[in-house]
Amino acid sequence: MAAISPASHLVTAAACEILRPLGLRQRGRSRTWIDDHGWWLGVVEFQPSSWSQGSYLNVGVMWLWQDVGHLEFNLGGREVGHESFRDEAQFAPLAMDLARTAADRITAYRDRFTALKSTAEYLAAQPARRGNPWDNFHAGATAALVGDAPTARDRFGRALQQLSSTDIPWMVQAHETALQLRDQADDTEALRGWVVERVTSCRQKLNLEFRSIGIGDEPQLP
């Protein structure tokens with residue numbers, strides 16, 4: 001087993017003190033912590049540098065209908081640039097600051113994405129980043145889930161424009177999925193069934209524990 005660096009020890013200790021009481025869980029022995037909300041994850045990564053000890057801080061949100069076997073930042077990302085490690089006395093307070101910043105960001109995401117309705121409203125109001133079809137895709141998905149078919153069709157249509165004219169396999173597949181969902185935008189139950197299947201599959205791929213995901217006929221559905 002590879003030796004754990006002093007910097008990793010300190011960020012883990014800080015996360016245990018600050019993030020664990022909030023309900024976040026460490027991803028194995030890594031420097032990544034997860035805030036599990038069934039159909040979305042808050043992700044905290046104390047990213048190491050490839051050239052020195054220390055840590056960056058990345059915090060964001062992953063929508064689990066992505067159905068992939070790795071963690072992603074669909075919202076958010078880099079919060080703090082590289083904090084260098086010189087010695088334990090110097091880095092320990094920096095690690096605590098990183099953990100407190102992560103806790104603040106996670107709390108903000110929890111407050112913002114309390115339910116599908118508030119999530120759909122937030123994503124619908126956000127402009128899509130240039131060259132990123134997933135912003136429109138996720139906005140379309142949440143709009144469809146809450147019965148806002150016009151917004152869903154509009155945002156899926158924009159995603160289709162961004163995904164067109166390519167033979168890259170993942171983009172071809174995403175284009176087919178966006179087309180299917182746009183055509184089903186009026187069928188909320190079909191969309192919910194699709195999301196439940198994808199979220200369940202993604203949770204299995206990520207080895208997340210079983211829990212109610214809050215979509216479909218489950219009690220958390222707003």
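Note that the structure is a prediction, hence the values are computed from the model and not measured.

1. Here we look at the overall build of the chain
Thought 1: Looking only at helices and strands, the chain features seven helices and five strands.
Thought 2: Shown N-terminal to C-terminal, the secondary structure of the chain runs as helices and strands in the order α-β-β-β-β-β-α-α-α-α-α-α.
Thought 3: What you see for the chain is a C-alpha radius of gyration of 19 Å, in line with the 17 Å of a compact globule of 222 residues.
Thought 4: Over its C-alpha atoms, taken along the principal directions, the chain stretches across nearly 60 × 40 × 35 Å.
Thought 5: Here the chain holds 222 residues, and the buried ones make up 46% of them.
Thought 6: Within the chain, counting contacts between residues at least 6 apart in sequence, those at least 24 apart form 55% of the total.
Thought 7: Taking the 23 positively charged and 27 negatively charged side chains of the chain as two groups, their mean positions are separated by 3 Å.

2. Let's talk about the nonpolar core
Generally speaking, nonpolar side chains in soluble globular proteins are found buried as a group.
Thought 1: Leu19, Val44, Phe46, Trp63 and Trp65 are the most contacted members of the largest nonpolar core, which totals 61 residues.
Thought 2: Ranked by residues supplied to this core, first place goes to helix 2 (residues 88–112) with nine residues.
Thought 3: Setting aside residues up to four positions removed in sequence, Trp63 forms contacts with Trp39, Trp40, Asn74, Leu75, Phe113, Thr119, Leu123 and His138.

3. Remarks on the packing of aromatic side chains
Thought 1: Under the criterion given, the structure shown has 13 aromatic pairs.
Thought 2: Look at Phe113 and Tyr122: their rings are 5.5 Å apart centre to centre, the planes differ by 75°, and that puts the pair in the edge-to-face class.
Thought 3: Plain terms: the ring middles of Trp134 and Trp170 are 6.1 Å apart, the flat faces sit at 20° to each other, and that makes the pair stacked. Here Trp134, found in helix 4 (residues 133–145), pairs with Trp170, found in helix 6 (residues 169–183); they are 36 residues apart in sequence, far enough to count as distant.
Thought 4: Given a relative accessible area of 43%, Trp170 falls into the partly exposed group.
Thought 5: Among the aromatic residues, those joined into a cluster by ring pairs are Trp39, Trp40, Trp63, Trp65, Tyr109, Phe113 and Tyr122.

4. Section: the confidence of the model for the chain
Thought 1: Predicted confidence across the chain gives a mean pLDDT of 90, with 95% of residues reaching 70 or more.
Thought 2: Predicted confidence in the chain is weakest over helix 6, with a mean pLDDT of 90, and strongest over strand 2 (residues 32–36), with 98.
Thought 3: Below a pLDDT of 50 lies the segment residues 216–222, which in the model reaches 14 contacts outside its immediate sequence neighbourhood of four places, other chains included.

5. Structural notes on the packing of helix 3 (residues 116–125) against helix 4
Thought 1: Relative to each other, helix 3 and helix 4 sit at 140°, their axes nearing to 8 Å. In terms of orientation, helix 3 lies oblique with respect to helix 4. Every pair of crossing elements has a handedness; the one defined by helix 3 and helix 4 is left-handed. Every residue of helix 4 that contacts helix 3 at Leu116, Thr119, Ala120, Leu123 and Ala124 is listed here: His138, Ala139, Thr142, Ala143 and Leu145.

6. A few points about the pattern of salt bridges
Thought 1: Applying the stated criterion to the full structure yields 12 salt bridges.
Thought 2: Asp67 is paired through a salt bridge with Lys205; the nearest N and O atoms lie 3.1 Å apart. You can see Asp67 sitting in the loop between strand 4 (54–63) and strand 5 (75–84) and its partner Lys205 sitting in helix 7 (residues 188–205), a full 138 residues away along the chain.
Thought 3: Judged by its relative accessible area of 43%, Lys205 falls in the partly exposed class.
Thought 4: Across the pair Glu189 and Arg192 runs a salt bridge, and its minimum N-O distance is 3.8 Å. Of this pair, Glu189 and Arg192 are both found in helix 7, three residues apart, which corresponds to roughly one turn of the helix.
Thought 5: What makes Arg192 buried here is its relative accessible area of 14%.

7. A word on helix 1 (residues 6–18)
Thought 1: When the terminal C-alpha atoms of helix 1 are compared, their 18 Å separation across 13 residues agrees well with the 18 Å that a helix rising 1.5 Å per residue should span.
Thought 2: Among all positions in helix 1, only Ala7, Ser8, Leu10, Val11, Ala14, Ala15 and Ile18 are buried. The arc that holds every buried residue of helix 1, seen down its axis, measures 165°, which confines them to one face.
Thought 3: On its buried face, helix 1 is in contact with strand 2, strand 4 and helix 2.

Criteria and cut-off values
Along every chain, residues carry numbers that run from 1 in the direction the sequence is written. At least 70 in pLDDT is required for a residue's local features to be given in this predicted model, at least 80 for side-chain atom pairs to be given and counted, and no such filter applies to totals for whole chains, interfaces and linings, which use all residues. Computation of side-chain values: all heavy atoms of the structure, hydrogens and water removed. Only DSSP runs of H or I reaching four residues or more are called helices, and only runs of E reaching two or more are called strands; each is numbered from the N terminus. C-alpha atoms define the radius of gyration, and 2.2 Å times the number of residues to the power 0.38 defines the globule rule. Between buried and exposed lies partly exposed: a residue is buried under 20% and exposed over 50% of the maximum accessible area for its type, with that area taken using a 1.4 Å probe on protein chains only. Contacts between residues were defined by any pair of non-hydrogen atoms, one from each residue, lying within 4.5 Å. When charges are counted, neither His nor the chain ends are considered; positive counts come from Lys and Arg and negative counts from Asp and Glu. Lysine's charge is taken at NZ, arginine's at CZ, aspartate's at CG and glutamate's at CD. Here, nonpolar core refers to any group of buried Ala, Val, Leu, Ile, Met, Phe, Trp, Tyr and Cys residues whose side-chain atoms link them within 4.5 Å. Here a pair means two rings of Phe, Tyr or Trp (six-membered ring of Trp) with centres within 6.5 Å. Their orientation is stacked below 30 degrees between planes, edge-to-face above 60, and tilted elsewhere. Here pLDDT means the predictor's own confidence in every residue, given as a number from 0 to 100. Fitting a line to C-alpha atoms yields each axis, with helices limited to the stretch in contact; the angle taken between N-to-C directions then spans 0 to 180 degrees. Note on terminology: angles under 35 degrees are roughly parallel, angles over 145 are roughly antiparallel, angles of 65 to 115 are roughly perpendicular, and the others are oblique. Each crossing is labelled by how the near helix is turned from the far one, with a counterclockwise turn of less than a right angle marking it left-handed and a clockwise turn marking it right-handed. By convention in these notes, a salt bridge is any Lys or Arg side-chain nitrogen within 4 Å of a carboxyl oxygen on Asp or Glu. Expected span of a helix: the number of residues minus one, times 1.5 Å. This arc is taken over the directions from the axis of the helix to the C-beta atoms.

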